[in-house]
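Geometric and topological summary
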Amino acid sequence: MAKVSTNISIDPVLKENSVALFEQFGLDLSTAITLFLQQSVREQRIPFEIRLEMPNATTKAALAEFEEMKKNKEKYKRHASFAEILEEV
């Protein structure tokens, strides 16, 4: 099958990391991209889930603490104003 040349612009660090990864699979970048495109066409979708990054450990802990506070409001002191909080500190 005849091939056509296609130019893409990507971050140089992403390219370097991708080339290093694909070399471990015995693939060059062009073959890896071709595999992605073939799979996309075969499945008629992007062949992996695209989602927002998960929160880091600190954010997860803060969210868990917030949920705990919502469920058990009676365990936590409430303040009428920010000034009241500052007075306590």
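The text that follows walks through the structure, step by step, so that each part is easy to find. These numbers were taken from a predicted model, which means no experiment stands behind them.

What follows is about the overall build of the protein chain. Regarding its fold elements, the protein chain presents four helices and zero strands. Counting helices and strands in the order they occur from the N terminus, the protein chain gives α-α-α-α. For 89 residues, the compact-globule formula gives about 12 Å, and the C-alpha radius of gyration of the protein chain, at 25 Å, lies well above that figure. In the protein chain, which comprises 89 residues, the proportion classed as buried is 4%. On the protein chain, roughly 8,600 Å² of surface is accessible, and the fraction owed to carbon and sulfur atoms is 58%.

Counting through the fold element by element, Pro 47 comes out in the loop between helix 2 (29-43) and helix 3 (57-71). Placed 14 residues apart in sequence, Pro 47 and Ala 61 show a C-alpha to C-alpha distance of 32 Å. Leaving out residues up to four positions away in the same chain, Pro 47 has contacts with Phe 36, Gln 39 and Ser 40.

End to end, helix 3 covers 21 Å across 15 residues, agreeing with the expected 21 Å (1.5 Å per residue, within 8%). Measuring from the side-chain oxygen of the N-cap residue of helix 3 to the backbone nitrogen of Thr 58 gives 3.1 Å; that N-cap residue is Asn 56.

Phi is positive for Gln 44, close to 60°, though the residue is something other than glycine. Residue position: Gln 44 is located in the loop between helix 2 and helix 3.

All told, the structure shown has four salt bridges when counted by the stated rule. Residues Glu 43 and Arg 45 are paired through a salt bridge, measuring 2.9 Å at the closest nitrogen-oxygen approach. Taking relative accessible area as the criterion, Glu 43 reaches 30% and is therefore assigned partly exposed. Of the charged contacts, one joins Lys 77 and Glu 88 as a salt bridge, the two residues approaching to 2.7 Å between their closest N and O atoms. Placement of Lys 77 in the loop between helix 3 and helix 4 (82-88) and of Glu 88 in helix 4 is noted, with a sequence separation of 11 residues between them. Residue Lys 77 is classed as exposed on the basis of its relative accessible area of 57%. Glu 88 gets classed as partly exposed once you look at its relative accessible area, which sits at 47%.

Rules behind the numbers
- Residues numbered from 1 in each chain as written.
- Predicted model: local features only at pLDDT ≥ 70, side-chain atom pairs only at ≥ 80, totals over all residues.
- Heavy atoms only, no water.
- Helix = DSSP H or I, 4+ residues; strand = E, 2+ residues; numbered from the N terminus.
- Rg over C-alpha atoms; globule rule 2.2 N^0.38 Å.
- Buried < 20%, exposed > 50% of the residue type's maximum accessible area, 1.4 Å probe, protein only.
- Areas by Shrake-Rupley, 256 points an atom, 1.4 Å probe, with all protein chains shown as cover.
- Contact = heavy atoms within 4.5 Å.
- Expected span 1.5 Å × (residues − 1).
- Polar contact = N/O pair within 3.5 Å; in protein donor to acceptor, adjacent residues only side chain to side chain.
- Salt bridge = Lys/Arg side-chain N within 4 Å of Asp/Glu carboxyl O.

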